[in-house]
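The lines below spell out each chain.
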Amino acid sequence: MPIDPLFFWAFAALTLGGALLTITLRSAVHCAIALIASLAGVAGLYLLQKAEFLFAVQIVLYIGGIMVLFLFVIMLVNLDAAARERQFHKRWWAGLAATLATGALLIYYLAKGASGLRAAPMPAQPAGNTEQLSDLLFSEYLLPFELVSLLLLVAIVGSVIMAKKRIV
Amino acid sequence: MSQFYTSTDHFVLLPALLLAMFGCAVLLFDFWIFPQEQLRKHLIWFVALGEAFTAIALFRQYSFLNEHGGELVAFNGALVIDGFALFFHWLFLAATLIVALISYRYLEVREEHHGEYYGILMLAQCGMFFLASGTDLVTMFVGLELMAVSFYILVGFLRTDKRSNEAALKYLLLGAFSSGFLAYGFSLLYGMAGSTRLRDVATAVAARDLKDPILLMAIGTVSVGLFFKVSAVPFHMWAPDAYEGAPTSVTAFLSVGSKAASFALLIRLFTALGAARSVWEPVLAGVAVLSLTIGNFAAVTQTNTKRLLAYSSISHAGYMLLGLVAGNDRGLQGMLVYLLVYTFMNLGAFLVIIALNQKDVAGEDVADLGGLIHRNPGYALLMLVFLLSLAGIPPTAGFIGKYYIFMALVEAKMYFLAVIAALYVAVAVFYYFRMVRSMFVEKQEHAGPLTTSFGMRAALVVTGLATLVVGLYPEPFVRLAQTSLMR
């Protein structure tokens, strides 16, 4: 039996389990750690797809950078009061039903139509993925790549406006 | 120039480049040249300069297309300049300029006048550029996000106002959610086509069986994302809250700029999915009728003018969607005419509401319009024109927009939809006339004249004239929409 599916199920379980714990746990620190587990699972899925660049970015940026910042903020801000409040809206069952229905619909259609999606050919050399990605980013996707920088600029300016007490 | 960035690429991208450059420059100049708050309103000259350069670039593209015809494709088919895109670029330019012109006084009164506002305004317009010109899924998506993120910030620009905070948060959460749906749909389209270019997607869709589950799911998820962006029922819940909480100048921009850009994206995408027309047409028709129903009936009970106009804009989205449902040339032409007309009349109605905002009066209730005819007859008459136009009564511009949509439906032999759409005009007249009644019949709520800025008066004249001229002499504008679609 090939080992890949085993890894896939393990990483998928890690991703989903972590996500579930993120929204159900009470303590914000626990939530953040559960989210790290979920993100690590996604990183593993990237690696299974031989996308080692995304794998590295996921670990360095999300787990290493963003989540550590999250933890800092959680420790600096007093969240005890928030933890004591009700975690769920009264009509959580409606949300759950809608989520399950949408999920079932997506799984049904995906299962029925999976044959219609053709898999991209695997790169000949497994190590070539990062080079291919950079080639694409700077040739075919040059425009959106540059546009993203503008998007990030707007997001930064916006967060500064929102966060600053007094704009001169 | 390298092969990655040819001179054609540059020529096509030029308006967006100028907008991005001027947008960033406003952010710099804001604290460099205009540190004092009183001087900050002069930043709009800078915005006007940027728009003037953009207009020159657009005009050069326009004359190029006039000379050589066809379309200009750049970035290996990721970006295109054709009549359709140019039509929208001019519309965005007009809307942004008018909104920049009216904002300074409103923001000064609300004590949140910061230079970043104008920078983000121009960057939002830059995002719209890629929605109307993009023919590549990734480019369109990033453009959409650029516009959306700018709007999230603008909606929450009144930082000390709780309603503005709430509106921004709601809009951000729901907007991110809908973007997720759109991205999911795009990924499925990419999975089918093996390319993100819209023309490859179109051929891939045409090659598929119409009952293919992947195709159905792609169309479903893309539609959900798009319907949210144009605030069509049942994905409209964000609109009234975001419209009410946002600074009114931003509400005006949101209701015309964001909506026109989203419609440009919607038309491009659904045209690319044209082979699967029999799948999405009934869905689109259903959503349009629902938007007309909920938008019109919910507007009847509103007492806040911004919420009322939010619901009315939902119903306008319904009318425009019917143009796409009709599926003939006249339908598309009707949509463009409708968008053009809607931009000016809706902006105009919001301008009058902004004018009502004074130092100690929010001016956002229907009752605040009370006795406006005695207080300031000019504003009252202009508002009357805008409201008549929004209701679609001749000889105003709104009638022309609705007329072409109805014509298209009749030509497509969809009499049932045409009758429903026409019936809802009656409901619309009812709630628009509540505002008219307030202005002309009810007693004056607030004393004292309205103090407004020069920019506001100029913008009112422009929108008022546009609403009247298009209504009285529609031929050139209809021809404009026609030639925009021909090329």
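Residues numbered from 1 in each chain as written. Chains lettered and ligands numbered in written order. Predicted model: local features only at pLDDT ≥ 70, side-chain atom pairs only at ≥ 80, totals over all residues. Heavy atoms only, no water.

Undergrad: Go over the overall build of chain A, please, and point to the residues and values.
TA: Along its length, chain A carries 7 helices and 0 strands. Looking at the 168 residues of chain A, the share that counts as buried comes to 20%. A separation threshold of at least 6 residues defines the contact pool for chain A, and within that pool the share at least 24 residues apart is 63%. Carbon together with sulfur atoms contributes 73% to the accessible area of chain A, which is approximately 11900 Å² in total. (Helix = DSSP H or I, 4+ residues; strand = E, 2+ residues; numbered from the N terminus. Buried < 20%, exposed > 50% of the residue type's maximum accessible area, 1.4 Å probe, protein only. Contact = heavy atoms within 4.5 Å. Areas by Shrake-Rupley, 256 points an atom, 1.4 Å probe, with all protein chains shown as cover.)

Undergrad: Could you give me a rundown of the pattern of salt bridges, with the residues and numbers involved?
TA: Residue and element names in this part refer to chain B. Across all of its chains, the model carries 17 salt bridges over all chains by this definition. A salt bridge links Glu 112 to Arg 159; its shortest N-O distance comes to 3.6 Å. Here Arg 159 lies in the loop between α5 (137–155) and α6 (162–193) and Glu 112 lies in the loop between α3 (83–109) and α4 (116–133), a separation of 47 residues in the sequence. Arg 159 carries the same exposure label as Glu 112, and that label is buried. (Salt bridge = Lys/Arg side-chain N within 4 Å of Asp/Glu carboxyl O.)

Undergrad: Describe unusual backbone geometry, and please don't skip the residues or the numbers.
TA: Residue and element names in this part refer to chain B. In this structure, Pro 234 follows Val 233 across a cis peptide bond, with omega equal to 5°. By secondary structure assignment, the location of Pro 234 is in the loop between α8 (213–229) and α9 (238–245). Cis geometry marks the peptide bond from Pro 394 to Pro 395; its omega dihedral reads 5°. With respect to the helices and strands, Pro 395 occurs in the loop between α15 (377–391) and α16 (397–411). A positive phi angle, close to 50°, is found at Phe 75, a residue other than glycine. Turning to its location among the elements, Phe 75 is positioned in the loop between β1 (72–74) and β2 (79–81). In this model, Ser 231 sits at a positive phi of 50°, which is unusual for a non-glycine residue. With respect to the helices, strands and loops of the structure, Ser 231 is situated in the loop between α8 and α9.

Undergrad: So what about the packing of α6 of chain B against α8 of chain B? Which residues, and what values?
TA: All names here are of chain B. Where α6 meets α8, the closest approach of the two axes is 8 Å, and the angle between their N-to-C directions is 150°. As judged from the angle between their axes, α6 and α8 are roughly antiparallel. Note on packing geometry: the crossing formed by α6 with α8 is left-handed. Residue-level inspection shows Leu 174, Gly 175, Ser 178, Ser 179, Phe 181, Leu 182, Tyr 184, Gly 185, Phe 186, Leu 188, Leu 189 and Met 192 of α6 in contact with α8, the latter providing Ile 214, Leu 215, Met 217, Ala 218, Thr 221, Val 222, Val 224, Gly 225, Leu 226, Phe 228 and Lys 229. Here the contact of α6 with α8 is built from residues that sort into 16 nonpolar, 6 polar and 1 charged. (Axes fitted to C-alpha atoms, helices over the stretch in contact; angles between N-to-C directions. Parallel < 35°, antiparallel > 145°, perpendicular 65-115°, else oblique. Left-handed = near helix turned anticlockwise from the far one by under 90°. Nonpolar A, V, L, I, M, F, W, Y, C, P; charged D, E, K, R; others polar.)

Undergrad: An account of the side chain of Lys 259 of chain B is needed here, citing residue identities and associated values.
TA: Residue and element names in this part refer to chain B. Assignment of secondary structure puts Lys 259 in helix α10 (residues 248–272). Despite its burial, Lys 259 pairs with no opposite charge; the closest candidate is Asp 241, at 15 Å N-O. In terms of polar contacts, Lys 259 uses its side chain to reach the side chain of Ser 231, at 3.2 Å. Discounting chain neighbours no more than four positions away, the residues touching Lys 259 are Val 230, Ser 231, Tyr 243, Leu 254, Ser 313, Ile 314, Ala 317 and Tyr 342. (Lys, Arg positive; Asp, Glu negative; His and termini not counted. Polar contact = N/O pair within 3.5 Å; in protein donor to acceptor, adjacent residues only side chain to side chain.)

Undergrad: Can you explain the side chain of Ser 179 of chain B? Please cite residues and give values.
TA: Residues and elements named next belong to chain B. Topologically, Ser 179 is positioned in helix α6. There is a polar contact of 2.7 Å between the side chain of Ser 179 and the side chain of Glu 145. Contact partners of Ser 179, with chain neighbours within four places excluded, come to Phe 141, Glu 145 and Lys 229.

Undergrad: Can you tell me about the confidence of the model for chain B, naming the residues and giving the values?
TA: All names here are of chain B. Scored by pLDDT, chain B comes out at a mean of 91, with 99% of its residues at no less than 70. Averaged over each element, pLDDT in chain B is lowest for helix α19 (residues 475–486) (86) and highest for α5 (96). Reported for the predicted complex are a pTM of 0.91 and an ipTM of 0.90. (pLDDT = per-residue confidence, 0-100.)

Undergrad: Describe the domain arrangement of chain A, with residues and values.
TA: As assigned here, chain A comprises domain 1 (1–82) and domain 2 (130–168). Each of domain 1 of chain A and domain 2 of chain A has a C-alpha centre, and these two points are 23 Å apart. (Domains from an automatic or database assignment.)

Undergrad: Let's hear about the interface of chain B and chain A: which residues, and what values?
TA: Frequently, the measure chosen for interface size is the accessible area that the parts lose on association. With 39 residues of chain B at the interface, the matching set in chain A holds 31 residues. Interface of chain B and chain A: buried area, both sides summed, is about 3100 Å²; carbon and sulfur atoms make up 77% of it. One can count 1 salt bridge joining chain B with chain A. Note that Arg 197 of chain B and Glu 140 of chain A form a salt bridge whose closest N and O atoms lie 3.5 Å from each other. Run the count over chain B and chain A and you get 3 residue pairs in polar contact (both at pLDDT 80 or more). Counting residues per element, the ones that place at least two in the side of chain B that touches chain A are α1 (7–32), α4, α5, α6 and α8 of chain B. Of the residues forming the side of chain B that touches chain A, the biggest block, 9 residues, is contributed by α5 of chain B. (Buried area = accessible area lost by both parts, 1.4 Å probe.)

Undergrad: Quick rundown of the packing of aromatic side chains? Include the residues and the values.
TA: One pass over the structure, following the stated rule, counts 30 aromatic pairs over all chains. An angle of 65° between the planes, with centres 4.9 Å apart, marks the rings of Phe 138 of chain A and Phe 145 of chain A as edge-to-face. For Phe 145 of chain A, a relative accessible area of 32% puts it in the partly exposed group. Between the aromatic rings of Tyr 403 of chain B and Tyr 404 of chain B, the centroid separation amounts to 5.5 Å while the plane-to-plane angle is 90°, which identifies the pairing as edge-to-face. With a relative accessible area of 37%, Tyr 403 of chain B lands in the partly exposed category. (Phe/Tyr/Trp six-rings, centres within 6.5 Å; stacked < 30°, edge-to-face > 60°.)

Undergrad: Could you give an account of the packing of helix α12 (residues 305–326) of chain B against α16 of chain B, with specific residues and numbers?
TA: Residues and elements named next belong to chain B. Two numbers describe how α12 lies on α16: the axes approach to 9 Å, and their chain directions differ by 35°. α12 and α16 meet at a crossing whose hand is left-handed. Where α12 abuts α16, its residues His 316, Tyr 319, Met 320, Leu 322, Gly 323 and Ala 326 lie against Lys 402, Ile 405, Phe 406, Ala 408 and Leu 409. Residue classes in the contact of α12 with α16 are distributed as 8 nonpolar, 2 polar and 1 charged.

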